[in-house]
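# Reading the structure
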Amino acid sequence: MPVHRVGLVAHQGRDAAREAAGVVHAWCAAHEVPCTEIDVWSADQHRRSAREEARAAGDPDLVVTLGGDGTFLRGARIAVKTGATVLGVDLGKVGFLTEVPAADIATALDAVHAGHAPVEERMTLTVRASRLPEVPAELESSFCYGRGPALPPPQTRPESTAGDGWGLPLDVNALNDVVVEKLARDHQVGVGVYISGRLLAAYSADGLVVATPTGSTAYSFAAGGPVLSPHMDAVVFTPIAAHMTFNRTVVAAPDEPVALRILPHSGRAAVSIDGQLRGVLDPGDWIGVYRAPQRVRLVRLQPTDFYGRLRERFRLTDAPATATDGESAPFFRPDSCVPPDLAGLRLPPPTAAR
Ligand SMILES: NC(=O)c1ccc[n+]([C@@H]2O[C@H](COP(=O)([O-])OP(=O)(O)OC[C@H]3O[C@@H](n4cnc5c(N)ncnc54)[C@H](O)[C@@H]3O)[C@@H](O)[C@H]2O)c1
Ligand SMILES: Nc1ncnc2c1ncn2[C@@H]1O[C@H](COP(=O)(O)OP(=O)(O)OP(=O)(O)O)[C@@H](O)[C@H]1O
């Protein structure tokens, strides 16, 4: 499918990202594809909801992000609302989500335009809440310091229904995670955690993360959670600094919702979605987090080498004891044809073994 319109989300604080924006504009001009820059940052402009942002940019079918993982998450928030694909150009520090090196932008755009680039779909989470979340003005400046102006409070999803105690369906999608965290340094949150409607435990903790498999390598990982393949669907629940013996992650099935109910005498809690503060919960409030029907569509130049990326970006080191045991080749697959019983499995291409 040829590209009809590009939306460009660039990290404006980075020279390399501004230069790369020039390359994208030049490619678009040469191919007569309209390109709109989407300002997700400047303080003098009112921040829009993802739907409004997409509409104002003319509903692009391709969103190109120029920056790191944070910039990619900002672009994905917009793209997921219209089903646009996202091309993440790696101009950041970690680059777990970004795929394409800056030198390959034009090649990548050519591949997408010609319909040759594979598209990979990633699960997202959405939220129902006992009430519409708000961020008190006095908290906004301290929480959003160094992150640009806050996003507007989430609204209800246009197509969904509310009521009968099931809460308000919020118009949000998380590619990484929904995080509930303490607001005051010295007051933990007390939260009843329900999986599939059943009480797992009441937690006293610094915070609680509900992550997608994509988000399993972000905050959930830093809090001690496991790495999940981004090719799978699952709902990952990880507590942060839980003051109790059971502090392990629970990996729930994709159709098992996780509800977090703030206990009556808990401290207040901040709710962040993909790292952006979206609301504050008071005791008695609750949110339910569950798999969304919308998926983020990522452009790949080749099929993702997730484990190679894990090794490279997290700088995994081999056990020192193996130094004298011999070398491990980077790939493990014979060069010959795949036998029928292994045919459906994800394996590196035969050329990788050479
Ligand atoms: N202690 C922590 O590790 C911590 C604390 C707060 C938020 N976060 C994460 O930051 C995310 C938002 O990212 P940001 O760049 O706007 O904030 P940020 O600048 O605070 O980045 C946090 C770090 O997480 C990395 N990251 C983001 N998504 C990732 C993923 N899926 N896999 C591996 N690493 C990933 C980023 O590259 C960055 O190094 C949130 O979704 C949350 O998961 C992590
Ligand atoms: N669009 C932007 N315009 C200007 N400054 C930005 C923009 N996005 C982020 N910044 C600045 O860069 C810092 C890093 O932001 P963020 O972590 O979201 O970037 P990133 O795209 O994830 O890149 P990195 O991988 O380097 O973190 C922020 O604290 C902020 O000061």
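Residues numbered from 1 in each chain as written. Chains lettered and ligands numbered in written order. Predicted model: local features only at pLDDT ≥ 70, side-chain atom pairs only at ≥ 80, totals over all residues. Heavy atoms only, no water.

### Focus on the UniProt feature "binding site: NAD(+)" (unreviewed entry) in the protein chain
Mapped onto this numbering, the UniProt entry gives "binding site: NAD(+)" (unreviewed entry) at Asp69, Gly70, Arg74, Asn176, Asp177, His187, Asp206, Ala241 and Gln276. These annotated residues cover 208 residues of sequence, and their C-alpha atoms sit far apart, with the largest distance between any two at 30.4 Å. If you take the residues mentioned a moment ago, the ones lining the second largest pocket come down to Asp69, Gly70, Arg74, Asn176, Asp177 and Gln276. Along the polypeptide, histidine 187 turns up in the loop between strand E8 (177–182) and strand E9 (189–195). On the basis of relative accessible area, histidine 187 is assigned to the partly exposed category, the value being 39%. Every residue in contact with histidine 187, bar those within four places of it in the chain, is listed here: Lys182, His265, Ser266 and Gly267. (UniProt positions renumbered as here; feature names shortened; annotations may be inferred. 1 Å grid on protein atoms, 1.4 Å probe; cavity = no way out; pocket = protein on both sides within 12 Å on 5 of 7 lines; lining within 4 Å. Helix = DSSP H or I, 4+ residues; strand = E, 2+ residues; numbered from the N terminus. Buried < 20%, exposed > 50% of the residue type's maximum accessible area, 1.4 Å probe, protein only. Contact = heavy atoms within 4.5 Å.)

### Some thoughts on the site of ligand 1
Surrounding ligand 1, one finds 16 residues, the nearest of these being Asp69, Arg147, Asn176, Asp177 and Thr217. Here a nitrogen atom of ligand 1 and a side-chain polar atom of asparagine 176 are 2.9 Å apart. Taking 760 Å² as the accessible area of ligand 1 by itself, protein coverage stands at 70%. Assessed atom by atom at 2 Å from the grid points, ligand 1 resides in the second largest pocket. For the shell around ligand 1, the element with the most residues is helix H3 (residues 69–82), which contributes three residues. Grouping the constituent residues of the shell around ligand 1 by class yields seven nonpolar, five polar and four charged. When residues of the shell around ligand 1 are assigned to domains, at least three map to each of domain 1 (6–118 + 300–309) and domain 2 (125–293). (Near = heavy atom within 4 Å. Polar contact = N/O pair within 3.5 Å; in protein donor to acceptor, adjacent residues only side chain to side chain. Areas by Shrake-Rupley, 256 points an atom, 1.4 Å probe, with all protein chains shown as cover. Sits in = over half its atoms within 2 Å of the grid points. Nonpolar A, V, L, I, M, F, W, Y, C, P; charged D, E, K, R; others polar. Domains from an automatic or database assignment.)

### Remarks on the sheet that holds strand E15 (residues 269–273)
Spatially, E13-E12-E11-E8-E15-E16 is the arrangement adopted by the six strands of the open sheet, whose pairing is antiparallel. Both outer strands of the open sheet, strand E13 (250–252) and strand E16 (276–281), are each paired with one neighbouring strand and no more. Pairwise comparison of adjacent strand axes, ignoring direction, gives a mean angle of 20 degrees for this sheet. Here strand E12 (residues 235–240) runs beside E13; their pairing, made up of three bridges, is antiparallel. (Pairing = 2+ DSSP bridges. Axes fitted to C-alpha atoms, helices over the stretch in contact; angles between N-to-C directions.)

### Points about the environment of alanine 174
Tracing the backbone shows alanine 174 in the loop between strand E7 (168–169) and E8. For alanine 174, a relative accessible area of 1% translates into the label buried. Along the sequence, alanine 174 and proline 60 sit 114 residues apart, while their C-alpha atoms lie 20 Å from each other.

### A short note on the pattern of salt bridges
All told, the structure shown has 19 salt bridges when counted by the stated rule. The closest approach of N and O atoms between aspartate 171 and arginine 51, which form a salt bridge, is 2.7 Å. Remark: arginine 51 occurs in helix H2 (residues 50–56) and aspartate 171 occurs in the loop between E7 and E8; sequence separation between them is 120 residues. For arginine 309, the salt bridge identified is with glutamate 99, shortest N-O distance 3.5 Å. (Salt bridge = Lys/Arg side-chain N within 4 Å of Asp/Glu carboxyl O.)

### Considering empty space enclosed by the protein
All told, the structure shown has three cavities of 30 Å³ or more when counted by the stated rule. Taken as a whole, the largest cavity encloses approximately 80 Å³ of empty space. Each residue belonging to the lining of the largest cavity can be placed in one class, and the counts come to five nonpolar, three polar and three charged. Viewed by domain, the lining of the largest cavity spans two of them, domain 1 (6–118 + 300–309) and domain 2 (125–293), each represented by three or more residues. (Points joined across faces, edges and corners; volume = space filled by probe spheres on them.)

### Let's talk about H3
Structurally, the α-helix is built with 3.6 residues per turn, so residues lying three or four positions apart point the same way. The terminal C-alpha atoms of H3 lie 20 Å apart, and with 14 residues this matches the ideal 20 Å at 1.5 Å per residue to within 8%. With 12 of its 14 residues buried, H3 lies for the most part within the structure. Residues Asp69, Thr71, Phe72, Leu73, Arg74, Gly75, Ala76, Arg77, Ile78, Ala79, Val80 and Lys81 constitute the buried set of H3. Two residues or fewer past H3, glycine 83 is found with a positive phi of approximately 80 degrees. (Expected span 1.5 Å × (residues − 1).)

### Considering the environment of arginine 268
Looking at the secondary structure, you find arginine 268 in the loop between strand E14 (258–262) and E15. The partly exposed category is assigned to arginine 268, whose relative accessible area is 36%. Once the C-alpha coordinates of arginine 268 and leucine 281 are considered, the two residues, 13 residues apart in sequence, prove to be 5.8 Å apart. If we ignore the near neighbours within four places in the chain, the residues touching arginine 268 are Pro136, Leu139, Glu181, Lys182, Leu183, Val189, Val280, Leu281, Asp282 and Pro283.

### Description of the confidence of the model for the protein chain
Per-residue confidence for the protein chain gives a mean pLDDT of 93; residues scoring 70 or more make up 98%. Reported confidence for the predicted complex is 0.93 by ipTM and 0.95 by pTM. (pLDDT = per-residue confidence, 0-100.)

### What about the domain arrangement of the protein chain?
As a measure of interface size, the accessible area lost when the parts come together is often cited. Under the domain assignment, the protein chain is made up of domain 1 (6–118 + 300–309) and domain 2 (125–293). Centre-to-centre separation of domain 1 and domain 2, based on C-alpha positions: 27 Å. On the side of domain 2, 23 residues touch domain 1, which itself brings 19 residues to the contact. Of the roughly 1600 Å² buried between domain 1 and domain 2 on both sides combined, carbon and sulfur atoms contribute 62%. Interface area lost by domain 1 to domain 2 is led by Arg47, Leu73 and Phe306, which between them contribute 34%. The tally of links from domain 1 across to domain 2 stands at two salt bridges. Between lysine 81 and aspartate 171 there is a salt bridge, and its shortest N-O distance comes to 3.1 Å. Between domain 1 and domain 2 we count three residue pairs in polar contact (both at pLDDT 80 or more) in total. Secondary-structure elements contributing two or more residues to the side of domain 1 that touches domain 2 are H3 and helix H7 (306–313). The greatest single-element share of the side of domain 1 that touches domain 2, amounting to seven residues, is contributed by H3. Partitioned by chemical class, the residues of the side of domain 1 that touches domain 2 number 10 nonpolar, three polar and six charged. (Buried area = accessible area lost by both parts, 1.4 Å probe.)

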